[in-house]
Amino acid sequence: MSNTIAVKRKGAVPRKGLGLGLVAWLLGIVFFLPIAWMALTSFHSETDAATNPPSFGAALTLDGYREFFGTGGGASPWPALVNSTVASLASTLFVLLLALPAAYALSIRPVRKWTDVLFFFLSTKMLPVVAGLLPIYLFAKNTDMLDNIWLLVILYTSMNLPIAVWMMQSFLAEVPVAVIEAARVDGARLPTILARVVAPIALPGIAATALICFIFSWNELLFARVLTGVVAETAPVFLTGFITSQGLFLAKVCAASLVISLPVLAAGFAAQDKLVQGLSLGAVK
């Protein structure tokens, strides 16, 4: 009798796991459907894209992508894409350079009342972005930094630095102190310890932090919309230019949205293993 119960219990685990797996697949499909719909619509003509209900079996065309890349006489998206790349990568690099020593001081070499410091960092993210828009605009105007890509780099760095310090503090707290002490005994200074000891061990957490900061910078619209014009226009601002008084060109907007989303999707796919390791670091002792 006990053996029969044990067999039944062993058989219940796979069925439960199978059910959870099916639920996970269904949720994944539900979240993927809007992206698939957008991708399919981007290959339709404007007439087919505007039909209601959608015409899934309509003929496919690249007209939306031709319009986006300016082959039909429109504005070229390459300057905006380059500006977004520069602003996102430069700000992410600066965030990592500043957040790593700060997180080291708050985790491995904790300062007094370090929890209060972390809450102060996090509280800066609670201020509505629009509340600081006017002072920043006046500052940029008086310093002749309007329509300057490096102004966005500075803003994105300051915006992402608090959340980066918060994340990396939890990652660096998992670094064995004995390894750092051994490096210090061998005569290594702080820059060497950070670069050759702490950074390799906490690489998954650093990669996760970098990816999140890159996504936040790439997707930012409000400051880029107000503080830039033609020279420093970013990809999200360029995308809003497709919504005109003549109407919404759905196929072209979907093509533009898909192209602009590709860098973030590619970065997430390339760093997915590091992202999972970084976000789960310290979850299991």
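So, here is what we can say about the structure in this document. Computed from a predicted structure; not experimentally measured.

Attention shifts here to the overall build of the chain. Broken down by element type, the chain carries 14 helices and 2 strands. Pairs at least 24 apart in sequence give 76% of the contacts found in the chain among residues at least 6 apart. By element, 71% of the accessible surface of the chain is carried by carbon and sulfur atoms, the whole surface being about 17100 Å².

Turning to its location among the elements, Phe 56 is positioned in the loop between helix H2 (46–49) and helix H3 (63–68). Between the C-alpha atoms of Phe 56 and Trp 37, which are 19 residues apart in sequence, the distance is 9.0 Å. Not counting residues up to four positions away in its chain, the partners in contact with Phe 56 are Leu 40 and His 44.

This paragraph deals with the packing of helix H4 (residues 78–107) against helix H7 (residues 149–172). At a closest axis distance of 6 Å, the pairing of H4 and H7 adopts a crossing angle of 35°. Once H4 is placed against H7, the crossing between them reads as right-handed. Its residues placed into classes, the contact of H4 with H7 shows 22 nonpolar, 6 polar and no charged.

Any two packed helices are characterised by how steeply their axes cross, that is the angle between the axes, and by the distance between the axes. It is at 11 Å that the axes of H4 and helix H9 (residues 190–201) come closest, and there the two elements cross at 95°. Classified by the interaxial angle, the pair formed by H4 and H9 is roughly perpendicular. Listed contacts from H9 to Leu 100, Pro 101 and Tyr 104 of H4 are Leu 190, Leu 194 and Val 198. Per-class residue counts for the contact of H4 with H9 are 6 nonpolar, no polar and no charged.

Turning our eyes to something else, we now look at the packing of aromatic side chains. Counted under the stated rule, the structure contains 5 aromatic pairs. When the centroid spacing of 5.6 Å and the interplanar angle of 35° are considered together, the rings of Phe 69 and Trp 78 count as tilted. For Phe 69, a relative accessible area of 30% puts it in the partly exposed group. Pairwise contacts between aromatic rings join Phe 68, Phe 69, Trp 78 and Phe 238 into one cluster. Against the face of Phe 249 rests Lys 252, its NZ or CZ located 4.9 Å from the ring centre.

Turning our attention to helix H10 (residues 203–219). With 17 residues, H10 should reach 24 Å at 1.5 Å per residue; the first-to-last C-alpha distance of 24 Å fits that figure. Taken as a whole, H10 has its buried residues at Pro 204, Gly 205, Ile 206, Ala 208, Thr 209, Ala 210, Leu 211, Cys 213, Phe 214, Ser 217 and Trp 218.

Despite not being glycine, Asp 144 shows a phi value in the positive range, around 60°. When you line up the elements, Asp 144 lands in the loop between helix H6 (133–142) and H7. You will see that Asp 147, though not glycine, has its phi angle at about 60°, which is positive. Turning to its location among the elements, Asp 147 is positioned in the loop between H6 and H7. You can call Asp 147 partly exposed: its relative accessible area is 22%.

The rules behind the values
Residues numbered from 1 in each chain as written. Predicted model: local features only at pLDDT ≥ 70, side-chain atom pairs only at ≥ 80, totals over all residues. Heavy atoms only, no water. Helix = DSSP H or I, 4+ residues; strand = E, 2+ residues; numbered from the N terminus. Contact = heavy atoms within 4.5 Å. Areas by Shrake-Rupley, 256 points an atom, 1.4 Å probe, with all protein chains shown as cover. Axes fitted to C-alpha atoms, helices over the stretch in contact; angles between N-to-C directions. Left-handed = near helix turned anticlockwise from the far one by under 90°. Nonpolar A, V, L, I, M, F, W, Y, C, P; charged D, E, K, R; others polar. Parallel < 35°, antiparallel > 145°, perpendicular 65-115°, else oblique. Phe/Tyr/Trp six-rings, centres within 6.5 Å; stacked < 30°, edge-to-face > 60°. Buried < 20%, exposed > 50% of the residue type's maximum accessible area, 1.4 Å probe, protein only. Lys NZ or Arg CZ within 6 Å of the ring centre and 35° of its normal. Expected span 1.5 Å × (residues − 1).

On their own, these measurements won't tell you what the molecule is for.
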